[in-house]
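The chain contents come next:
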Amino acid sequence: MKLQSFVEYPFVDGGVCAAKGFKAGGVCAGLKHHALTDESVSEANVAANGVTETAPKKNDLAMIVADRDCAAAAVYTSNKVKGAPILVTKQNLKNGRAKAVIVNSVNANTCNADGVEKATAMCKLAADALNIVPEDVIVASTGVIGQTLPIEPIAAAVPGLVESLSYEGNAAAVNAIMTTDTRPKEVAVQFKLGDVTCTLGGMLKGSGMIHPNMATTLTFLTTDCAIAPAMLQQALSDVVRVTLNRVSVDGDQSTNDMVCVMANGVAGNKEINSENGDYAVFRGALYAVMLNLARMCAADGEGATKLIECVVSQAESEQIAETVAKSVICSSLFKSAMFGADANWGRIACAMGYADCEFDVTKVDVDLASAAGKISVAKNGFGIPFSEEEAKKVLLEDEIRVLISLNSGEAAAVAWGCDLTYDYVKINGDYRS
């Protein structure tokens, strides 16, 4: 998948370690017998989980640590069933400050009677090892819901995790948060605030249980820009709404979704504490990073072979454009047609028609586009003749754009999804095994 670039925000390497003053790392705690990474395995892991040195390598515990205290903000799932780490992190971030993140994969620590106790223990384990207070730790988990999280392997692994921390540790951290993800997802950009160069980077995990309703994934962002907690929260909430909150893979909203950002101010810019020009530049950098992470998430949907981008333009309002775009990318029939490279535009019309908003269907135009070209399939609400052969070529590409014009106003919105394939069912039919 090609990254979408912005002239003002050049890409740099490093993900969550790109910004000055952030270390990261990842190790195997042995939370699952086939989830192993280190060449050596602690006796505690073997005893607790039956881990052996012959198991495949896979990190399952990650940490991000700032050299100094950070402003922090987060957005969480609105699912009524919430993972215990969200409850603990919300409490810890009430003061808008943090210094570290600890996150595990394999087990979501959700719907467990001792969940909050275990999430709190993870914060204390990290804090004790880093010589900070537990309230300065963000904790997150992802994986299977409803299974008790064993704390012993995590406790045994934390010393090695802290030892693994480095300013180049982003790859190990990304590896640790992946579950059904097929590839790591990280991006970072630089931006100028006056004469000061700042950096903002992030990493994301997300492949299934992805549906718009705040947060959408586990996403961790870091920046060396100085910005007040209130402005950081405002920027994050605004940008999540137009990026991660417009991604859907399967219509299932996770219980553990969280997006958090830490800003340590190491770059040395004047702290952003109002909606001034510097705030606009910072928000643009956040958008550049989160837009690309959102696209990566959709492109790597479980079993997906194609990224689908639905652009709705000339709407009466942004809300109408967004509602229509989301309705299309969430349609299982439409997603299946894209898998089969079938230009059955009636499925687009159907999905638009049950969108919870009002628009004039007799004004709608629909085009399908990709690197192979563009083809018009509907005009003024009715299908028009087109070459099925040419349409097939367009839809065989791995990145498809659905261009819908409502011809009723000046507002626009975009949403991202993926095709629905046989492999989605295979993956979720044996997820726990």
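Before any of the text, the structure's been laid out above.
Note that the coordinates shown come from a computational prediction; the quantities given were computed from them, not determined experimentally.

K.L.:
Tell me what's going on with the overall build of the protein, and back it up with residues and numbers.
P.N.:
Each helix and strand in the protein was counted, giving twelve helices and 15 strands. Every one of the 433 residues in the protein was classed for burial, and the buried ones make up 56%. Contacts in the protein between residues far apart in sequence, at least 24 positions, make up 81% of those at least 6 positions apart.

K.L.:
Quick one: what's the story with the side chain of Asn-79, residue by residue and with numbers?
P.N.:
Within the fold, Asn-79 resides in the loop between strand S3 (61-76) and helix H2 (84-92). Relative accessible area serves as the criterion here: at 18%, Asn-79 is assigned to the buried category. Among the polar contacts made by the side chain of Asn-79, one reaches the main-chain amide nitrogen of Val-81 at a distance of 2.9 Å.

K.L.:
Which residues make up the sheet that holds strand S15 (residues 411-418), and what are the values?
P.N.:
Paired through backbone hydrogen bonds, the strands of a sheet run either parallel or antiparallel to each other. Read from one edge to the other, the open sheet built from six strands follows the order S13-S12-S11-S14-S10-S15, with strand pairing classed as mixed. Each of the sheet's edge strands pairs with one partner strand only, and the pair in question is strand S13 (382-383) and S15. Inspection of the sheet shows strand S10 (residues 307-315) paired to strand S14 (residues 399-405) by seven bridges, in the parallel sense. Bridge pairing links Cys-310 to Val-402 in S14.

K.L.:
Please provide a residue-by-residue account of helix H7 (residues 277-299), values included.
P.N.:
Taking 1.5 Å of rise per residue, the 23 residues of H7 would be expected to cover 33 Å, and the 33 Å separating its terminal C-alpha atoms lies within 8% of that figure. Within H7, 17 of the 23 residues are buried, which leaves the element mostly enclosed by the surrounding structure. Residue Asn-276 occupies the N-cap position of H7, its side-chain oxygen lying 3.2 Å from the main-chain nitrogen of Asp-278.

K.L.:
Tell me what's going on with the pairing of strand S8 (residues 218-223), and back it up with residues and numbers.
P.N.:
Buried residues dominate S8, accounting for six of its six residues. Side chains Leu-218, Phe-220 and Thr-222 of S8 all project onto a buried face; the interleaved residues Thr-219, Leu-221 and Thr-223 project onto the opposite face, where all are buried too. Note that strand S7 (residues 196-205) and S8 share six bridges and pair antiparallel. When the bridges of S8 are listed, Gly-202 appears paired with Leu-221. Note that S8 and strand S9 (residues 258-263) share six bridges and pair parallel. Bridge pairing in S9 places Thr-219 opposite Val-259.

K.L.:
Can you break down the pairing of strand S11 (residues 365-370) residue by residue, with the values?
P.N.:
By the criterion of burial, S11 is predominantly enclosed, with six of the six residues buried. The alternating pattern of S11 places Asp-365, Asp-367 and Ala-369 on one face and Val-366, Leu-368 and Ser-370 on the opposite face, and all of these are buried. Here S11 runs beside S14; their pairing, made up of five bridges, is antiparallel. What sits directly across from Val-366, in S14, is Ile-404.

K.L.:
Provide a residue-level description of the pattern of salt bridges, including the pertinent values.
P.N.:
Counted under the stated rule, the structure contains 16 salt bridges. Arg-401 is paired through a salt bridge with Glu-309; the nearest N and O atoms lie 3.0 Å apart. Linking Arg-401 in strand S14 with Glu-309 in strand S10, this pair joins segments that are 92 residues apart in sequence. Note on Arg-401: relative accessible area 34%, which makes it partly exposed. A relative accessible area of 6% means that Glu-309 is categorised as buried. Because the salt bridges share partners, they merge into one network encompassing Arg-241, Arg-246, Glu-318, Glu-322 and Lys-326.

K.L.:
For the nonpolar core, give the residues involved together with the corresponding values.
P.N.:
In terms of nonpolar packing, the biggest core is built from 48 residues, with Phe-191, Leu-221, Leu-236, Phe-282 and Met-290 touching the most fellow members. For this core, the secondary-structure elements that each account for two or more residues are S3, strand S6 (185-193), S7, helix H6 (229-242), S9, H7, S10 and S15. In terms of residue count, H7 provides more of this core than any other element does, 14 residues in total. For Phe-191, the residues in contact, after removing those within four places along its chain, are Glu-8, Tyr-9, Val-196, Thr-197, Cys-198, Thr-199, Leu-200, Thr-223, Cys-225, Val-281, Phe-282 and Ala-285.

K.L.:
Mind laying out helix H4 (residues 151-164), listing which residues take part and the relevant values?
P.N.:
Between its first and last C-alpha atoms H4 spans 20 Å; for 14 residues at 1.5 Å apiece the expected length is 20 Å, and the two agree. A maximum bend of about 40° is found in H4 at Val-158, where proline Pro-159 lies one to four positions downstream. Among all positions in H4, only Ile-151, Pro-153, Ile-154, Ala-157, Val-158 and Leu-161 are buried.

K.L.:
Describe in detail unusual backbone geometry, supporting the description with residues and values.
P.N.:
Residue Asn-109 is not a glycine yet carries a positive backbone phi of 50°. By the element assignment, Asn-109 lies in the loop between strand S4 (97-104) and helix H3 (115-130). On the basis of relative accessible area, Asn-109 is assigned to the buried category, the value being 0%. You will see that Asn-131, though not glycine, has its phi angle at about 60°, which is positive. Turning to its location among the elements, Asn-131 is positioned in the loop between H3 and strand S5 (137-141). In this structure Asn-131 comes out as exposed when scored by relative accessible area, which is 72%.

K.L.:
Residue-level account of the environment of Ala-372, with values.
P.N.:
Inspection of the secondary structure assignment puts Ala-372 in the loop between S11 and strand S12 (373-379). For Ala-372, a relative accessible area of 39% corresponds to the partly exposed category. Distance in space between the C-alpha atoms of Ala-372 and Leu-396 is 8.5 Å, their sequence separation being 24 residues. Ignoring sequence-local partners within four residues, the contact set of Ala-372 consists of Lys-393, Val-394 and Glu-397.

Definitions and limits used
- Each chain has its residues counted from 1, running along the sequence as written.
- The model is predicted, so local features are restricted to residues of pLDDT at least 70 and side-chain atom pairs to those at 80 or more, both for listing and for counting; the totals for chains, interfaces and linings are taken over all residues.
- Excluded from the side-chain calculations are hydrogens and water; all other atoms, namely the structure's heavy atoms, are used.
- Put simply, DSSP marks the helices as runs of H or I at least four residues long and the strands as runs of E at least two long, and each gets a number from the N terminus on.
- Relative accessible area decides the class of each residue, using a 1.4 Å probe on protein chains only: under 20% of the type maximum gives buried, over 50% gives exposed, and in between gives partly exposed.
- Residues are treated as being in contact if the distance between any of their heavy atoms lies within 4.5 Å.
- Polar contacts, as used here, are pairs of N or O atoms within 3.5 Å; protein pairs need one atom able to donate a hydrogen and one able to accept it. Residues neighboring in sequence count only if both atoms are side-chain atoms.
- When DSSP locates at least two bridges between a pair of strands, those strands are taken to pair.
- To estimate the expected span of a helix, count its residues, drop one, and scale the result by 1.5 Å.
- Salt-bridge detection follows one rule: a side-chain nitrogen of Lys or Arg within 4 Å of a carboxyl oxygen of Asp or Glu.
- To define a nonpolar core, start from buried Ala, Val, Leu, Ile, Met, Phe, Trp, Tyr and Cys residues and group those joined through side-chain atoms within 4.5 Å.
- The angle between axes fitted to the seven residues ending at a residue and the seven residues starting there is what we call the bend at that residue.

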